[in-house]
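Structure assessment
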Amino acid sequence: MTDASSHRNKIAALLLVVAPLGVVLGLGLGRDPSAVEADRPLIHRKSDYVGSMQCSICHPDQHESWARTFHSTMTQRPEPGRVRGDFGAGPQFFLGKSARLGTDGQRFWMEIPAGSEGPRRAEVALLVGSHRYQQYFERVERKGGFVYRRLPMLWHIEEKRWKHMSEVFLSPDQDNWHGQDAIWNENCIFCHNTGPKPGFVNYSASPRNEDKSFDSKVGELGIACEACHGPGRAHVEAMDSPTARYQAHLGTGQDLRIVNPAKLEKAEAAAICGQCHGQRVPKAIESIPLWLDSGPSFRPGDKLEAHVIPLQADTRLPGDRVRIDLRFWADGTPRLSAYEYQGVTTSACYQKGAMHCGSCHTMHKGSVHGNLTQPMRGNAACLQCHEEIGRDLRVHTRHEVAGSGSQCMECHMPRIVYGVLEIHRSHKIEIPDPARDAAAGRPNACTLCHLDKSPVWAARQRNELWNMKGSLPTRRRDRAPIDLADGIASLQAGDALQRVVYAKAFARKNGALPPKAKGFLRAHLLAMLNDAYPSLRFHAKKSLIALEKEFPVGLMSSLMAFDPSWTQGTLLEDMARRKQASLALIREFSDKAQGHLDRPGAGLLLDEKLLLDLPRVIALLRLQSKHVISIGE
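Quick look at the structure, then. (Residues numbered from 1 in each chain as written. Predicted model: local features only at pLDDT ≥ 70, side-chain atom pairs only at ≥ 80, totals over all residues. Heavy atoms only, no water.)

Some remarks on the overall build of the protein
Check the secondary structure of the protein and you find 26 helices and 16 strands. A compact globule built from 633 residues would reach a C-alpha radius of gyration of about 26 Å, and the protein, at 27 Å, matches this within 12%. The C-alpha extent of the protein, read off along each of the three principal axes, is 80 × 70 × 50 Å. Counted over contacts in the protein with a minimum sequence separation of 6, partners at least 24 positions apart contribute 63%. Of the roughly 29900 Å² of accessible surface on the protein, a fraction of 54% belongs to carbon and sulfur atoms. For the protein, the distance from the average site of its 82 positive side-chain charges to the average site of its 69 negative ones is 2 Å. (Helix = DSSP H or I, 4+ residues; strand = E, 2+ residues; numbered from the N terminus. Rg over C-alpha atoms; globule rule 2.2 N^0.38 Å. Contact = heavy atoms within 4.5 Å. Areas by Shrake-Rupley, 256 points an atom, 1.4 Å probe, with all protein chains shown as cover. Lys, Arg positive; Asp, Glu negative; His and termini not counted. Charge placed at Lys NZ, Arg CZ, Asp CG, Glu CD.)

Notes on the environment of Met-413
By the secondary structure assignment, Met-413 is in the loop between helix H16 (408-412) and strand S15 (415-419). Judged by relative accessible area, which is 12%, Met-413 ranks as buried. Sequence spacing of Met-413 and Glu-430 is 17 residues, and the spatial spacing of their C-alpha atoms is 7.2 Å. With sequence-adjacent residues up to four places away left out, Met-413 is seen in contact with Cys-408, Arg-425, Ser-426, His-427 and Ile-429. (Buried < 20%, exposed > 50% of the residue type's maximum accessible area, 1.4 Å probe, protein only.)

Some remarks on the sheet that holds strand S2 (residues 92-94)
Taken together, four strands build an open sheet; the order of strands is S2-S3-S4-S5 and the sheet is antiparallel. Unpaired on one side and paired on the other, S2 and strand S5 (120-123) mark the two borders of the sheet. When the angles between neighbouring strand axes are averaged without regard to direction, this sheet yields 25°. In the sheet, S2 pairs with strand S3 (residues 97-103) via three bridges, with the strands oriented antiparallel. From the neighbouring strand, Phe-94 faces S3, where its bridge partner is Lys-97. (Pairing = 2+ DSSP bridges. Axes fitted to C-alpha atoms, helices over the stretch in contact; angles between N-to-C directions.)

What about the packing of helix H21 (residues 496-505) against helix H23 (residues 534-550)?
The contact between H21 and H23 brings their axes to 8 Å, and the two run at 15°. Considering the angle they form, H21 stands roughly parallel to H23. The chirality of how H21 crosses H23 is left-handed. Facing Ala-496, Arg-499, Val-500, Ala-503 and Lys-504 of H21, the residues of H23 in contact are Ser-535, Leu-536, His-539, Ala-540, Lys-542 and Ser-543. Its residues assigned to classes, the contact of H21 with H23 comprises five nonpolar, three polar and three charged. (Parallel < 35°, antiparallel > 145°, perpendicular 65-115°, else oblique. Left-handed = near helix turned anticlockwise from the far one by under 90°. Nonpolar A, V, L, I, M, F, W, Y, C, P; charged D, E, K, R; others polar.)

Considerations on the pattern of salt bridges
Evaluated as defined, the whole model comprises 39 salt bridges. Notably, a salt bridge pairs Lys-303 with Glu-268, separated by 2.7 Å at the nearest N-O pair. Here the residue Lys-303 occupies a position in the loop between helix H10 (288-294) and strand S14 (308-310), and Glu-268 occupies one in helix H9 (residues 266-274), the gap between them amounting to 35 residues. A relative accessible area of 47% means that Lys-303 is categorised as partly exposed. Salt-bridge contacts for Glu-608 lead to Arg-599; the nearest nitrogen and oxygen are separated by 3.6 Å. One exposure class covers both Glu-608 and Arg-599, and it is exposed. (Salt bridge = Lys/Arg side-chain N within 4 Å of Asp/Glu carboxyl O.)

Dropping the structure here:
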């Protein structure tokens, strides 16, 4: 041990001994901040939870690294500096009506349509989210309790603009200002907070949404220390004496009475993330009333399946009000975020190996975007176990080492999962199989890169390059021609989730196509600007802008002016406006792109002027009507 490291250890040990002294001195000068937080509305601290402020006394570095994460700001009070939305913006229109925003610098509110009675003012009482978008909830007092009800407008952080809730979920256009209303107390409270106790007051009466009432409490707003390490009161009491703290620092002495996820077996370690990143129901359905009163029984250190049943494609809930199967591809692979646990635990790397969530992710190191260190964003994540592959990467991948075809995650964890208006990596680690994926109606890792190729081509390449004997695809779930480019067929004929995955993939910079060969991608994306799903129109426009930046043809100003939302008039009026605007963009693209972009090859449904083969495209579009879906989050 060096003199410097020995000196640091002595200082750390001294801090462990004297840290509580600072608390005592602080109490002499004013109220303990932990006690102040414990007395605030919504907080319960009379049992096992102590709050992250208490943890920071002895663990300042860990507290600081956690406080930078989006977990820490998942649920917040609407205090200045925490509200991301621009409440000084002008009216926000939807269906020809408007929401008017306002603030006095301390309070924030929305004036929203309320039927025949005209607009009403709703004061923001709670914030949910701080990464991709932020949602706003009002507090409504009811008999015996209250609810936090979601307001219809959210703030999209990347775009720095307001959006109606209907624009971000994977649902078709709907003619309803309040179609995405939700109650925080029976939904968001479970995964966006620590130690949730929903406190359903009148569950036995089976009330309608407008009559439900709760007396909700949480150990802490947001996802804090005790969500992963377990309730901390026993640990605080065990570490009360300087001797106990010093012994703990040396690795000797009594049980710390706290959970360290890094020291758990893989099932218990994965369960900590799975309690939120794995949608689930109580193991005994009759326990639902208990859940909605006192909250989940799972605590860090437990096996998750001892308490819950993680949802799968064949799960059936009482009443079947929610189509759980829509949240999975037809082969059972999760395709919606918050099902990462199901992906991990059905992977061979977990079932036959030692991998779990903590093998790659960490809350206290690296970037807050994904809670990953830089090496874990690349092949180092997989080469932890597959060292022999790393010794000669090209032998395994059959692709250039510097290309995306030699990036493990591009092939084995492709981006095929939708959530919070973004496309994420699948957490089911698997070998690409074009025949399987075509039959299941899901995007294939090979054709997400080789966007001009068919599933049949991909299967032949797979069999030849890796000496496999897999069958060639003979059918697609969406019923499009099997020899058509997978990207085109999926974008035009697939269900909404297929379409949005490929709309995002069309803009990838590390794919197999050079920029000048992407004209056919742009032409097909332009057709998607008239799609019935606002979230797909959003990604189509975003990808078109990315392609224009990569290789300009003079379309940027028109793309920026195109509004994928429908806001100013009725649904039919906005559909007509959008149709005219998208047709104008298609004609402008054809005029400006000729001579700059490569002529499309055969089978890409375009002529030499980069205009769509409309009869064949329309035939594909008609297939969409066979699988209309609507998926909330």
